[in-house]
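Structure assessment
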Amino acid sequence: ELPPSEFMQVADSTWLVLSVVSNGREPSGCQATGVTKIARSVIAPLAEHHVSVLMLSTYQTDFILVRERDLPVVIHTLAGEFDIYKEESGECVPVTCDDVSNGFLKPKPAASPTLHPVQSPQTRFCVLTVAPDTLPAIATMLIDVLFYSHSPPRESGTGSQDLDSITFFAFSLIEGYISIVMDAETQKRFPSDLLLTSSTGELWRMVRIGGQPLGFDECGIVAQIAEPLAAADISAYYISTFNFDHALVPEEGIAEVIQLLQQRQESGR
């Protein structure tokens with residue numbers, strides 16, 4: 001419904017959402033361990049079969065977006081590990097490989113994936129949620145932060161590996177559940193009694209993947225980050241955006257994360 005505009009870029013693919021649940025149930029209100037819990041079972045196999053993914057971690061759970069045209073490969077890749085369902089008229093209907101066999105193409109051998117640089121700003125972030133009925137109380141503040149409080153993007157995006165700070169604010173409303181990522185300074189502008197976080201109230205640090213916009217065709221970007229973190233049992237939230245990918249890790253673990261990803265860079269040379 002958005003009118004055409006020279007100021008709006010739209011990716012040329014239609015994407016479908018995969019939600020990974022345990023025992024048929026979504027996590028209930030507690031922060032999940034993030035992208036690392038599905039690194040080996042979902043993200044790595046899809047990368048091996050050359051499926052490009054967008055990743056969206058939220059306060060409640062994680063979502064993987066795949067291009068609609070890749071669905072046959074996705075189902076064939078994951079069917080051995082998961083029971084797969086599709087939603088029809090609000091009901092979950094089982095999907096089998098036979099349902100998409102006509103559209104399945106064997107993947108071609110892939111070239112070695114590009115190892116993208118990562119940047120680690122000093123900014124400290126919070127992962128939060130808000131009860132839907134309290135959203136009107138912070139609506140004005142949300143509008144201000146989303147549309148009026150940001151600084152222009154830096155032109156020198158391919159610069160050094162270290163940033164002093166980064167402007168990042170993510171708001172998602174999915175099936176009535178609200179998830180927000182904001183820096184610790186921005187959080188102070190909101191009423192503290194309306195923002196809900198984990199009982200520990202931990203802060204997060206970010207690594208941003210890519211020295212320049214990543215595009216949508218390359219596969220394996222999420223796997224390059226998620227697999228080393230999963231092997232080290234480090235929790236992470238992962239948010240793909242139009243230009244870059246972002247992984248949030250607990251603040252106390254940022255030094256280990258940087259070391260792991262530097263080792264990844266060196267071993268890939």
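The numbering scheme is per chain: residues are counted from 1 as the chain's sequence reads. The predicted nature of this model means local features are confined to residues of pLDDT at least 70 and side-chain atom pairs, given and counted, to a pLDDT of 80 or more, with totals for whole chains, interfaces and linings taken over all residues. Neither water nor hydrogens contribute to the side-chain values; these are computed over all heavy atoms in the structure.

The name an unreviewed UniProt entry gives the protein is Cytosolic arginine sensor for mTORC1 subunit 1, with Haliaeetus albicilla as the organism. UniProt positions are given in the numbering used here, feature names are shortened, and annotations may be inferred rather than shown by experiment. Here is the UniProt Sequence similarities (unreviewed entry) comment for the protein, exactly as written: "Belongs to the GATS family." Among the UniProt annotations of the protein, the heading Subcellular location (unreviewed entry) holds the following wording: "Cytoplasm, Cytosol".

Focus: the pattern of salt bridges
A side-chain nitrogen of Lys or Arg and a carboxyl oxygen of Asp or Glu constitute a salt bridge if their distance falls within 4 Å. For the structure on display, the rule yields seven salt bridges. A salt bridge links Asp144 to Arg189, with the shortest nitrogen-to-oxygen separation between them at 2.4 Å. Of this pair, Asp144 sits in helix 3 (residues 135-147) while Arg189 is found in the loop between helix 4 (184-187) and strand 10 (195-196), placing the two residues 45 residues apart along the sequence. The buried label goes to any residue with under 20% of its type's maximum accessible area, the exposed label to any with over 50%, and the partly exposed label to all in between, with areas taken from a 1.4 Å probe on protein chains only. According to the relative accessible area criterion, Arg189 is partly exposed, its value standing at 38%. Members of the salt-bridge network, linked through shared partners, are Arg67, Asp70 and Asp217. Under the DSSP-based scheme used, a helix requires at least four consecutive residues in state H or I and a strand at least two consecutive residues in state E, with every element numbered from the N terminus.

Quick notes on the packing of helix 1 (residues 39-48) against helix 5 (residues 221-231)
A pair of packed helices can be characterised by two numbers: the angle between their axes and the separation between those axes. Axis separation between helix 1 and helix 5 bottoms out at 10 Å; the angle between their running directions is 150°. With respect to each other, helix 1 and helix 5 are oriented roughly antiparallel. Here helix 1 runs over helix 5; the crossing is left-handed. Of the residues in helix 5, those touching helix 1 at Ala39, Arg40, Ile43, Ala44 and Ala47 are Val222, Ala223, Ala226, Glu227, Ala230 and Ala231. Geometry is summarised by axes, namely lines fitted to C-alpha atoms with helices restricted to the contacting stretch, and by angles between N-to-C directions that run from 0 to 180 degrees. Note that the term roughly parallel is reserved for angles under 35 degrees, roughly antiparallel for angles over 145, roughly perpendicular for angles of 65 to 115, and oblique for everything else. Each crossing is labelled by how the near helix is turned from the far one, with a counterclockwise turn of less than a right angle marking it left-handed and a clockwise turn marking it right-handed. What makes two residues a contact is simply this: any of their non-hydrogen atoms within 4.5 Å.

Structural notes on the packing of aromatic side chains
In summary, the pairing rule links any two rings of Phe, Tyr or Trp, Trp by its six-membered ring, whose centres are within 6.5 Å, and it sorts them by plane angle into stacked for under 30 degrees, edge-to-face for over 60 and tilted for everything else. For the structure on display, the rule yields four aromatic pairs. Arranged with centres 6.0 Å apart and planes meeting at 85°, the rings of Phe125 and Phe168 form a pair that is edge-to-face. In this pair, Phe125 is assigned in strand 7 (residues 125-130) and Phe168 in the loop between helix 3 and strand 8 (170-174), connecting sequence segments 43 residues apart. Across the pair, exposure class does not vary: Phe125 and Phe168 are buried alike. Note on Phe216 and Phe242: the rings are 5.1 Å apart at their centroids and 75° apart in plane angle, and the pair reads as edge-to-face. Linking Phe216 in the loop between strand 11 (204-209) and helix 5 with Phe242 in the loop between strand 12 (237-240) and strand 13 (245-250), this pair joins segments that are 26 residues apart in sequence. Linked through ring pairs, Trp15, Phe216 and Phe242 together constitute an aromatic cluster. The residue whose ring lies beneath Arg208 is Phe244, and the NZ or CZ to ring-centre distance is 4.3 Å. We call a charge positioned over a ring when the NZ of a Lys or the CZ of an Arg lies within 6 Å of the ring centre and within 35 degrees of the ring normal.

Some thoughts on a nonpolar patch on the surface
Patch membership is restricted to residues that have no salt bridge and whose relative accessible area is over 30%. Joining uses 9 Å for like charges and 5 Å for the nonpolar side chains Val, Leu, Ile, Met, Phe, Trp and Tyr. Only the protein chains shown count as cover for residues, and the accessible areas themselves come from Shrake-Rupley with a 1.4 Å probe. Taken together, the side chains of Ile143, Leu146, Phe147, Tyr148, Phe171 and Leu173 present a nonpolar region at the surface, about 630 Å² in accessible area. Secondary-structure elements contributing two or more residues to the nonpolar patch are helix 3 and strand 8. Counting residues per element, the nonpolar patch draws most heavily on helix 3, at three residues.

Notes on the environment of Thr129
You can see Thr129 is positioned in strand 7. The class of Thr129 is buried, set by a relative accessible area of 9%. Sequence separation between Thr129 and Gln60 is 69 residues; the distance between their C-alpha atoms is 8.5 Å. With residues near it in sequence (within four places) discarded, Thr129 still touches Tyr59, Gln60, Ile178, Leu194, Leu195 and Leu196.

Considerations on helix 6 (residues 254-267)
To estimate how far a helix should extend, the number of its residues minus one is multiplied by 1.5 Å. With 14 residues, helix 6 should reach 20 Å at 1.5 Å per residue; the first-to-last C-alpha distance of 20 Å fits that figure. All of the buried residues in helix 6 are Ile254, Val257, Leu260, Leu261, Arg264 and Gln265. Buried positions in helix 6, seen along its axis, are confined to an arc of 145° and lie on one side of it. Facing away from the buried surface of helix 6 by more than 90 degrees, the exposed residues are Ala255, Glu266 and Ser267. The inward-facing, buried residues of helix 6 abut strand 6 (118-119), strand 11, helix 5 and strand 13. Here the arc refers to the directions that run from the helix axis out to each C-beta atom.

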